[in-house]
Amino acid sequence: MKWWWKLRTEPHHLWVEVVSSLHNLKSKPDDIYSKKTLTGVWNNIVGIRKALVKKGIPVSSVISKQPTTNGVTWRCGITSTRTYMVRDLRQRWDYKPLVADGQFCWLKEVPLKVNCFIWRAKMGRISVASELAKIGVLLEVLTCPMCNESEEGSDHVLVDSTYARSVLEGV
Ligand SMILES: [Zn+2]
C-alpha cells in the first residue's frame with residue numbers, strides 16, 4: 001500500500017515513472033494500478049487489493065483523489081492526518097471486534113426496537129462510516145467525527161469511543 005501511495009503522491013519519482021510507463025497508467029482510470037498481462041513485483045504489490053477487500057478495507061478508503069483549486073491531491077481516509085501511514089493500515093488490518101461473538105439472544109425484558117438495533121449493530125448493519133464504506137458508499141472520511149481518532153465503526157460508536165465509555169460508566 002505504501003507503494004500505491006507513493007505512486008500517486010510522488011509522480012516524478014524515477015521508480016514511479018518506470019512503473020507508470022511500463023503499465024501504461026497515465027491514460028488509465030485512477031483505480032487501475034497495473035496491467036494484468038505483466039507479471040512481476042509490481043503486480044504482486046497490486047494483488048494485495050483482493051486481500052484488503054476481503055478484510056473489508058476498500059482501496060478507495062485508503063487512497064482517494066481529492067480535487068483542489070490547483071489540480072488534485074491524494075488523500076488517505078483511514079488516518080487522521082490524511083496522509084498514508086503504515087501504522088494506521090496495520091491497525092485497521094489487525095482490527096478485531098471488541099464484543100465477543102456468540103449466539104445473539106433476544107431478551108424479552110428489552111423493548112423490541114432495542115433488541116433489533118443491537119442485532120443489527122452486531123451484524124454490522126447500522127449506518128456507521130465503516131459499514132457504509134463496505135457497501136460502496138463514498139464518504140469523505142471514515143474517522144469518527146466525535147473523536148477524530150478512530151474509524152467510525154459499530155463497535156467504536158457503541159462500545160469503544162470515549163463518549164460510549166462515559167455513557168457506560170454513567171449507567
Ligand atoms: Zn470516536
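Because the structure is a prediction, the values reported are computed rather than measured.

Caption draft 1: Main features of the overall build of the chain. Counting its secondary structure elements, the chain contains ten helices and two strands. Listing every helix and strand of the chain by position from the N terminus yields α-α-α-α-α-β-β-α-α-α-α-α. For the chain, the residues scored as buried account for 20% of the 171 residues in total. Residue pairs in contact within the chain that sit at least 24 positions apart in sequence constitute 35% of those at least 6 positions apart.

Caption draft 2: Region of the structure containing unusual backbone geometry. At arginine 82, a residue that is not glycine, the phi angle is positive and equals roughly 70 degrees. By the secondary structure assignment, arginine 82 is in the loop between β2 (71–75) and α6 (86–94). Arginine 82 gets classed as partly exposed once you count the C-beta atoms within 10 Å, which come to 15. In this structure, asparagine 148 takes a positive phi of about 60 degrees despite not being glycine. Assignment of secondary structure puts asparagine 148 in the loop between α8 (129–134) and α9 (154–160).

Caption draft 3: Layout of the pairing of β2. Where strand β1 (residues 64–68) lies against β2, five bridges are found, and the strand directions are antiparallel. Directly across from lysine 65, in β2, lies its bridge partner tryptophan 74. Counted along the chain from β1 to the antiparallel partner β2, the turn is two residues long.

Caption draft 4: Seen up close, the confidence of the model for the chain. Mean pLDDT over the chain stands at 80; residues scoring 70 or higher make up 89%. Mean pLDDT per element in the chain: helix α3 (residues 41–46) is the minimum at 74, and α8 is the maximum at 89.

Caption draft 5: Inspection of the nonpolar core at higher detail. Counting residues in each nonpolar core, the largest one holds 14 residues, and the members touching the most others are Val62, Cys76 and Tyr84. Looking at this core, the elements with two or more residues in it are α8 and α9. When neighbours within four sequence positions are excluded, tyrosine 84 is seen to be in contact with Met1, Trp5, Val62, Ile63, Cys76 and Thr79.

Caption draft 6: Highlighting the environment of leucine 168. Within the fold, leucine 168 resides in helix α10 (residues 162–170). For the pair leucine 168 and leucine 158, spaced ten residues apart in sequence, the C-alpha to C-alpha distance is 9.5 Å.

Cut-offs used in this document
- Along each chain, residues carry numbers from 1 onward, in the same order as the chain's sequence is written.
- Per-residue local features are limited, in this predicted model, to residues with pLDDT of at least 70; the limit for side-chain atom pairs, both in listing and counting, is 80 or more; totals at the level of whole chains, interfaces and linings are taken over all residues.
- We count a stretch as a helix when DSSP gives it H or I for four or more residues in a row; a strand needs E for two or more, and each element gets its number in order from the N terminus.
- Buried residues are those with 20 or more other C-beta atoms within 10 Å of their own C-beta, exposed residues have 12 or fewer, and partly exposed residues lie in between; C-beta atoms are placed from the backbone.
- It is the C-beta atoms, placed from the backbone, that decide contacts: two residues are in contact if theirs lie within 7 Å.
- A pair of strands is treated as paired once DSSP finds two or more bridges between them.
- The pLDDT value tells you how sure the predictor is about a given residue, anywhere from 0 up to 100.
- Joined through C-beta atoms within 7 Å, a set of buried Ala, Val, Leu, Ile, Met, Phe, Trp, Tyr and Cys residues constitutes a nonpolar core.

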